[in-house]
Amino acid sequence: MQSVIVASEKLKLYGELSRLCEYVGYSDEWRDSFWQSLLENEDIYEEFLYYMEHQDFLDKATVDGYTLTDLFVWEMRKYNVRRDRSKNGPECDKHAMLLETFDTMMKMKQDRAKMQWSMEMNNGMDIS
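Residues numbered from 1 in each chain as written. Predicted model: local features only at pLDDT ≥ 70, side-chain atom pairs only at ≥ 80, totals over all residues. Heavy atoms only, no water.

## Quick notes on the pattern of salt bridges
Line of reasoning, step 1. Taken as a whole and assessed by the stated rule, the structure comprises five salt bridges.
Line of reasoning, step 2. Asp28 is the partner of Arg31 in a salt bridge, and the nearest nitrogen-oxygen pair spans 3.3 Å. With Arg31 and Asp28 both in helix 2 (residues 28-40) and three residues apart, this pair spans about one turn of that helix.
Line of reasoning, step 3. With a closest N to O distance of 2.9 Å, Asp32 and Arg31 form a salt bridge.
Line of reasoning, step 4. Taking relative accessible area as the criterion, Asp32 reaches 35% and is therefore assigned partly exposed.
Line of reasoning, step 5. According to the relative accessible area criterion, Arg31 is buried, its value standing at 14%.
Line of reasoning, step 6. The network of salt bridges with shared partners includes Asp28, Arg31 and Asp32. (Salt bridge = Lys/Arg side-chain N within 4 Å of Asp/Glu carboxyl O. Helix = DSSP H or I, 4+ residues; strand = E, 2+ residues; numbered from the N terminus. Buried < 20%, exposed > 50% of the residue type's maximum accessible area, 1.4 Å probe, protein only.)

## Notes on unusual backbone geometry
Line of reasoning, step 1. Positive phi, normally seen in glycine, also occurs at Gln55, with a value near 55°.
Line of reasoning, step 2. Position of Gln55 among the secondary structure elements: in the loop between helix 3 (42-54) and helix 4 (68-83).
Line of reasoning, step 3. A positive phi angle, close to 55°, is found at Asp59, a residue other than glycine.
Line of reasoning, step 4. Mapped onto the fold, Asp59 is located in the loop between helix 3 and helix 4.
Line of reasoning, step 5. Residue classification places Asp59 among the partly exposed positions, given a relative accessible area of 26%.

## Considering the confidence of the model for the protein
Line of reasoning, step 1. When pLDDT is averaged along the protein, the result is 81; 72% of the residues meet or exceed 70.
Line of reasoning, step 2. Within the model, pLDDT remains below 50 along residues 122-128, and this stretch shows 13 contacts once partners closer than five positions in the same chain are excluded. (pLDDT = per-residue confidence, 0-100. Contact = heavy atoms within 4.5 Å.)

## Considerations on the packing of helix 1 (residues 8-24) against helix 2
Line of reasoning, step 1. Between helix 1 and helix 2, the least distance of the axes is 10 Å, while the angle of their chain directions is 145°. By crossing handedness, the relation of helix 1 to helix 2 is classed as right-handed. Mapping the contact onto sequence places Lys10, Leu13, Tyr14, Leu17, Ser18 and Cys21 in helix 1 and Trp30, Arg31, Asp32, Phe34, Trp35 and Leu39 in helix 2.
Line of reasoning, step 2. A per-class count over the contact of helix 1 with helix 2 returns eight nonpolar, one polar and three charged. (Axes fitted to C-alpha atoms, helices over the stretch in contact; angles between N-to-C directions. Left-handed = near helix turned anticlockwise from the far one by under 90°. Nonpolar A, V, L, I, M, F, W, Y, C, P; charged D, E, K, R; others polar.)

## A closer look at the nonpolar core
Line of reasoning, step 1. Of all hydrophobic cores here, the largest spans 29 residues; its most connected members are Phe34, Leu38, Phe48, Leu99 and Phe102.
Line of reasoning, step 2. For this core, the secondary structure elements donating two or more residues are helix 1, helix 2, helix 3, helix 4 and helix 5 (94-110).
Line of reasoning, step 3. Examining the composition of this core, we find that eight residues originate from one element, helix 5, more than from any other. (Core = buried A, V, L, I, M, F, W, Y, C linked by side-chain atoms within 4.5 Å.)

## A word on helix 3
Line of reasoning, step 1. Relative to the 18 Å expected for 13 residues at 1.5 Å per residue, helix 3 spans 18 Å between its end C-alpha atoms, a close match to the ideal helical length.
Line of reasoning, step 2. Those residues of helix 3 that sit buried are Ile44, Tyr45, Glu47, Phe48, Leu49, Tyr51 and Met52.
Line of reasoning, step 3. Looking at the residues trailing helix 3, positive phi occurs at Gln55, about 55°. (Expected span 1.5 Å × (residues − 1).)

Okay, structure coming up:
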């Protein structure tokens, strides 16, 4: 008789991801697509696990020299441009930015040229 091996770490992490997605209002489909990508990218999975345990970036994984910290700052900058502000206000959802940061890194691994172009675009703001 074969025994079933349960990866409790993955179950716990998936549960935390589910709660986070529910909190920010992301669909089950988005969550499941994100999870599948995470499982296919061991280095980013390790980063996500570390973040969930320590609330800090490990910054061990890179894509074209970009770390998760770089991508998080870029996500904040995109938010500022969309809101036409020079800083994040209290309505800014940093939990959503966190998920978008990890998602962006996984997308960068798939299409480096497109994502690098997006990151290096110079977006201006009307007010500061």
